[in-house]
2 protein chains.
Amino acid sequence: MEQTPERAWLATAVEEARAGLAESGVPIGAALYAADGTLLGRGRNRRVQDGDPSAHAETAAFRAAGRQRSYRGTTMVTTLSPCWYCSGLVRQFGISRVVIGEAVTFSGGHGWLADHGVRIVLLDDPECVALMRGFVAERPELWREDIGE
Amino acid sequence: MEQTPERAWLATAVEEARAGLAESGVPIGAALYAADGTLLGRGRNRRVQDGDPSAHAETAAFRAAGRQRSYRGTTMVTTLSPCWYCSGLVRQFGISRVVIGEAVTFSGGHGWLADHGVRIVLLDDPECVALMRGFVAERPELWREDIGE
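None of the values given here were measured: they were computed from a predicted structure.

### Let's talk about the overall build of chain A
And then number 1: Counting its secondary structure elements, chain A contains seven helices and five strands.
And then number 2: Along chain A, helices (α) and strands (β) appear in the sequence α-β-β-α-α-β-α-β-α-β-α-α when read from the amino end.
And then number 3: Compactness check: chain A gives a C-alpha radius of gyration of 14 Å against a globular reference of 15 Å for 149 residues, within 12% of the reference.
And then number 4: Each of the three principal axes of chain A carries a C-alpha extent, and together these read 40 × 35 × 25 Å.
And then number 5: Sorting the 149 residues of chain A into buried and exposed places 58% on the buried side.
And then number 6: Considering only residue pairs separated by 6 or more positions, chain A has 56% of its internal contacts joining residues 24 or more positions apart.
And then number 7: By element, 48% of the accessible surface of chain A is carried by carbon and sulfur atoms, the whole surface being about 5900 Å².

The following block contains the structure:
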């Protein structure tokens, strides 16, 4: 598989997702990269680990990046299609691009983001799909809780 | 002024906003109430206080409420029209109603939420307007940072 920057960035998000799985958490990871490829922040869903329902992977990565004056040119990389909460984050702060591991097991607001000028790169990554499939099969209640269903 | 439940709930959010102002923070407050009127969580924007750009008032109140199995019947009360990030939170988790202090100084996603079945109560509260007008006039750069402009 060609090692594009997007693939290397996704690997960071996948590392976070795997760490979440190892902690019995929701295995979704994300990272925020600057336009020049600098890693600004990375994180994973922390609902279980911190008892914090506001810590989705994307919001955790955004938080880890600290205060930024502008998000122009930044890329949010996430293992899973962003839910409405995380899609709203991307739109409000003007994050320029979202690289998504997969949108097979869950499809959030990435089409809406595309309609509002955010560049969407959907990688259809088999490891991301396998991580979520395994998790949803094993812990369906936790997954439904995490997306408010 | 009639003391409806919405007005009493807004008072909690206004207390949070005032506390944020006293801490030199962004003066926006919020609270999440259960269907029976129980306060589940309250919070305020903590960008300045914690250096945390992910802590908007609504997400802070949501976080303070901890893990919940369902948000059916809950009301998010906020001093200001929710931005896209906070509107996304409301939509994703199925929060039933949003009570808004004002949408004069900033208008976020409350129309979009109404289109998606969320009940919106806009109170047009003069104190909420005055809090934001004073803040935006005094600290325009901080306000633009908080909404990613």
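From this point, things continue past the structure.
### A short note on the relation of the copies chain B and chain A
And then number 1: Each copy of the sequence occupies a distinct position, and chain B is placed on chain A by a rotation of 180° and an axial shift of 0.0 Å, giving an RMSD of 0.0 Å. The transformation relating the two chain copies, once decomposed into turn and shift, fits a two-fold axis. It is B:Gly88 whose C-alpha, among those of chain B, lies nearest the rotation axis, at 2.4 Å.
And then number 2: Taken together, the interface assignments show that 100% of the residues at the interface of chain B recur at the interface of chain A, consistent with an identical surface on both copies.

### A few points about the nonpolar core
What tends to happen in soluble globular proteins is that the nonpolar side chains get buried as a cluster.
And then number 1: If you look at the biggest cluster of nonpolar residues, it comprises 60 residues, and the most contacted ones within it are A:Met76, A:Trp143, B:Met76 and B:Trp143.
And then number 2: In this structure A:Met76 touches A:Ala30, A:Ala31, A:Leu32, A:Glu58, A:Ala61, A:Phe62, A:Leu89, A:Ile95, A:Arg97, A:Val98 and A:Val99, once residues within four positions along its chain are discounted.

### Focus: the interface of chain B and chain A
And then number 1: On the chain A side, the residues contacting the 33 residues of chain B number 33 residues.
And then number 2: When the two sides are added together, the surface that chain B and chain A hide from each other amounts to roughly 3000 Å², 53% of it contributed by carbon and sulfur.
And then number 3: The three residues of chain B that bury the most area against chain A are B:Arg67, B:Arg69 and B:Gln92, which together make up 25% of that side's buried surface.
And then number 4: Counting across the interface, chain B meets chain A through six salt bridges.
And then number 5: The salt bridge involving A:Arg63 is made with B:Asp52; its shortest N-O contact spans 2.7 Å.
And then number 6: Joining chain B to chain A, the criterion identifies 14 residue pairs in polar contact (both at pLDDT 80 or more).
And then number 7: Those elements giving two or more residues to the side of chain B that touches chain A turn out to be α2 (47-50), α3 (57-64), α4 (84-93) and α7 (140-146) of chain B.
And then number 8: With seven residues, α4(B) is the single largest residue contributor to the side of chain B that touches chain A.
And then number 9: Classifying every residue of the side of chain B that touches chain A gives 13 nonpolar, nine polar and eleven charged.

### Looking at the UniProt feature "domain: CMP/dCMP-type deaminase" (unreviewed entry) in chain A
And then number 1: Under the local residue numbering, the UniProt record ascribes the feature "domain: CMP/dCMP-type deaminase" (unreviewed entry) to residues 4-113 of chain A.
And then number 2: The distance from the first to the last C-alpha atom of residues 4-113 of chain A is 23 Å, and the span holds 40% helix and 21% strand.

### A look at the packing of helix α1 (residues 5-22) of chain A against helix α6 (residues 126-138) of chain A
Residue and element names in this part refer to chain A.
And then number 1: The geometry of α1 relative to α6 is characterised by a closest axis approach of 11 Å and an angle of 20° between their N-to-C directions. Here α6 runs roughly parallel to α1, going by the angle between their axes. With respect to the hand of their crossing, α1 and α6 are arranged in left-handed fashion. Each of Leu-10, Val-14, Ala-17, Arg-18 and Leu-21 in α1 lies in contact with α6, whose residues at this interface are Glu-127, Cys-128 and Leu-131.
And then number 2: Of the residues belonging to the contact of α1 with α6, the class tally is six nonpolar, no polar and two charged.

### What to know about the packing of aromatic side chains
And then number 1: Evaluated as defined, the whole model comprises 20 aromatic pairs over all chains.
And then number 2: Residues A:Trp84 and A:Trp112 carry aromatic rings whose centres are separated by 5.3 Å and whose planes lie at 75° to one another, so their mutual orientation is edge-to-face. With A:Trp84 in helix α4 (residues 84-93) and A:Trp112 in helix α5 (residues 110-115), this pair connects stretches of sequence that are 28 residues apart.
And then number 3: A:Trp112 sits in the buried class, given a relative accessible area of 12%.
And then number 4: When the ring of A:Phe135 is compared with that of A:Trp143, the centres are 6.3 Å apart and the planes differ by 75°; the resulting orientation is edge-to-face.
And then number 5: Judged by its relative accessible area of 7%, A:Trp143 falls in the buried class.
And then number 6: One aromatic cluster is present, built from ring pairs that chain together A:Phe62, A:Tyr71, A:Tyr85, A:Phe93, B:Phe62, B:Tyr71, B:Tyr85 and B:Phe93.
And then number 7: For the cation-ring pair, A:Arg91 lies above B:Trp84, with the distance from its terminal atom to the ring centre recorded as 3.8 Å.

Parameters at a glance
Residues numbered from 1 in each chain as written. Chains lettered and ligands numbered in written order. Predicted model: local features only at pLDDT ≥ 70, side-chain atom pairs only at ≥ 80, totals over all residues. Heavy atoms only, no water. Helix = DSSP H or I, 4+ residues; strand = E, 2+ residues; numbered from the N terminus. Rg over C-alpha atoms; globule rule 2.2 N^0.38 Å. Buried < 20%, exposed > 50% of the residue type's maximum accessible area, 1.4 Å probe, protein only. Contact = heavy atoms within 4.5 Å. Areas by Shrake-Rupley, 256 points an atom, 1.4 Å probe, with all protein chains shown as cover. Least-squares fit on C-alpha atoms with pLDDT ≥ 70 in both. Core = buried A, V, L, I, M, F, W, Y, C linked by side-chain atoms within 4.5 Å. Buried area = accessible area lost by both parts, 1.4 Å probe. Salt bridge = Lys/Arg side-chain N within 4 Å of Asp/Glu carboxyl O. Polar contact = N/O pair within 3.5 Å; in protein donor to acceptor, adjacent residues only side chain to side chain. Nonpolar A, V, L, I, M, F, W, Y, C, P; charged D, E, K, R; others polar. UniProt positions renumbered as here; feature names shortened; annotations may be inferred. Axes fitted to C-alpha atoms, helices over the stretch in contact; angles between N-to-C directions. Parallel < 35°, antiparallel > 145°, perpendicular 65-115°, else oblique. Left-handed = near helix turned anticlockwise from the far one by under 90°. Phe/Tyr/Trp six-rings, centres within 6.5 Å; stacked < 30°, edge-to-face > 60°. Lys NZ or Arg CZ within 6 Å of the ring centre and 35° of its normal.

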